[in-house]
Amino acid sequence: MDFSRWGKPSKEWLAFAAADSVLLSLSDDSLPALQQQEQANNTRSTLAKHLVQTTGIGHLVKTQDHVVPTRDGKSITVRSYRPVLLGSQPLPGYIYFHGGGFIFGSLDTELFNCSWLAHALSVTVVHICYRHAPQVKALTPWHDAIDGFEWVASHTEGLGIDSSSLVVGGISAGGSLTAHVVQHELRRARETGTANRIRGQVLGIPTVVHWKAFPYELFADREKTSFVQCKDAAILNGKRITQFSDLLGEEVDPTDRTWSPGLADEEELRGIPQTAFLVAGWDPLRDEALWYAKKLKNAGVKTNVHIFPGLPHAFNVFLQLPSHKRWNEALLGCLRWAMADEDGWVIELPPVMPSYMEATAAAASSTDAVTAGASESDLLTKAGNSL
């Protein structure tokens, strides 16, 4: 395998980097982990709240927090998001895991992203806020992901989710949690002889293999693998990857399938629900994502892969970058695809209109040309006048 043709920094990124060199030169790598975490979370939360306020989307989406017990006697919080204008009707569900190297992220850092997705897709979004390093070690984030998923899957009615239309997805570190949850659910379904409760998954710039377990031997040239080719890439480089994994501790075997779900063999992967990928070309995580996509396809899984050549990990966070819009469009498309039924049909749910809008609509329909028995020529005239 060789995916290195997508690893050269694009002209778009180089132009952006030249124009915003001061912004991109900022780094907190020298700070203690807890201080990095606090600063990053505060910055991301402030931006998210600003976007919610300035766009007005907070008036269109209702949020609710739920405390979920975990296997170690502790708890995590999940936050649900529902479009206000869709009332209480059951909606497709999207379980979301944020990114941030297993160190960054909080409920509030995802406030705008989850609100936007709930509104744009007419779905119930449930953000599972797992615990992070350095406060926890080893496999705790993955265990939290399973515990959170099980809670959501057993509370779909109360959350207003159509249990037959449940999609799981995540970004970066959240992609690893997503892949683990989906594989765990497949095993549960096989062992119990019951239906898989997940319809599809969406993996955005995911990590699915511990960097120490990366299968260099499967690629045409070690120097062309993304871990080597993109080791000095913007945003996420090789040094930060090792720092993030070290914060979770050294006691876990890098080949453990919980930490490295991408190492599952093709036979194990048969029956995985349809899976969409969004991959950045100039990203150390590029090759593990595309390798996993090929394994799933070989296992008979329906896949949908979007590649952004020459762009670094998490480029989508820069609103000034033209490809920010392309990422958003692709993400929405991937989620719609993952939520579609076996025939690929997507049913658009009509909004629940406020009473004053219903009254207006009723008044308009009573005098509408269609209900008044107008002729075809009348309708054509009316349509022409409205153009």
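All figures in this text were calculated on a predicted structure; none of them were measured in a lab.

Assignment of secondary structure puts Asp72 in the loop between strand E1 (61-69) and strand E2 (75-83). When the C-alpha atoms of Asp72 and Thr140 are compared, they prove to be 9.1 Å apart, with 68 residues separating the residues in sequence. Engagement of the side chain of Asp72 in a polar contact is seen with the backbone nitrogen of Lys74, the distance being 3.2 Å. At 3.0 Å, the side chain of Asp72 and the side chain of Arg131 are in polar contact.

If you trace the eight strands from one edge of the open sheet to the other, you get E1-E2-E4-E3-E5-E6-E7-E8, paired in mixed fashion. Each edge of the open sheet carries a strand with a single partner, namely E1 and strand E8 (303-312). Averaged over all neighbouring strand pairs, the angle between strand axes comes to 20°, with direction disregarded. Note: strand E6 (residues 200-204) against strand E7 (residues 274-282), five bridges, orientation parallel. For Gly200, the partnering residue across the bridge sits in E7 and is Gln274.

This part is about the side chain of Gln274. You can see Gln274 is positioned in strand E7. For Gln274, a relative accessible area of 10% gives the class buried. Here the side chain of Gln274 touches Lys302 through a polar contact of 3.4 Å, side chain to side chain. Among the polar contacts made by the side chain of Gln274, one reaches the main-chain carbonyl oxygen of Trp337 at a distance of 3.2 Å. For Gln274, the residues in contact, after removing those within four places along its chain, are Arg199, Gly200, Gln201, Val301, Lys302, Trp337, Ala338, Met339 and Ala340.

The next point concerns the packing of helix H4 (residues 111-121) against helix H12 (residues 323-339). H12 packs onto H4 with a crossing angle of 60° between their chain directions and a minimal axis gap of 11 Å. Judged by the inter-axis angle, H4 sits oblique to H12. The chirality of how H4 crosses H12 is right-handed. In this structure, H4 contributes Trp116, Leu117, Ala120 and Leu121 to the contact, and H12 contributes Asn328, Leu331, Leu332, Leu335 and Arg336. Among the residues forming the contact of H4 with H12, the class breakdown is seven nonpolar, one polar and one charged.

About the criteria used
Residues numbered from 1 in each chain as written. Predicted model: local features only at pLDDT ≥ 70, side-chain atom pairs only at ≥ 80, totals over all residues. Heavy atoms only, no water. Helix = DSSP H or I, 4+ residues; strand = E, 2+ residues; numbered from the N terminus. Polar contact = N/O pair within 3.5 Å; in protein donor to acceptor, adjacent residues only side chain to side chain. Pairing = 2+ DSSP bridges. Axes fitted to C-alpha atoms, helices over the stretch in contact; angles between N-to-C directions. Buried < 20%, exposed > 50% of the residue type's maximum accessible area, 1.4 Å probe, protein only. Contact = heavy atoms within 4.5 Å. Parallel < 35°, antiparallel > 145°, perpendicular 65-115°, else oblique. Left-handed = near helix turned anticlockwise from the far one by under 90°. Nonpolar A, V, L, I, M, F, W, Y, C, P; charged D, E, K, R; others polar.

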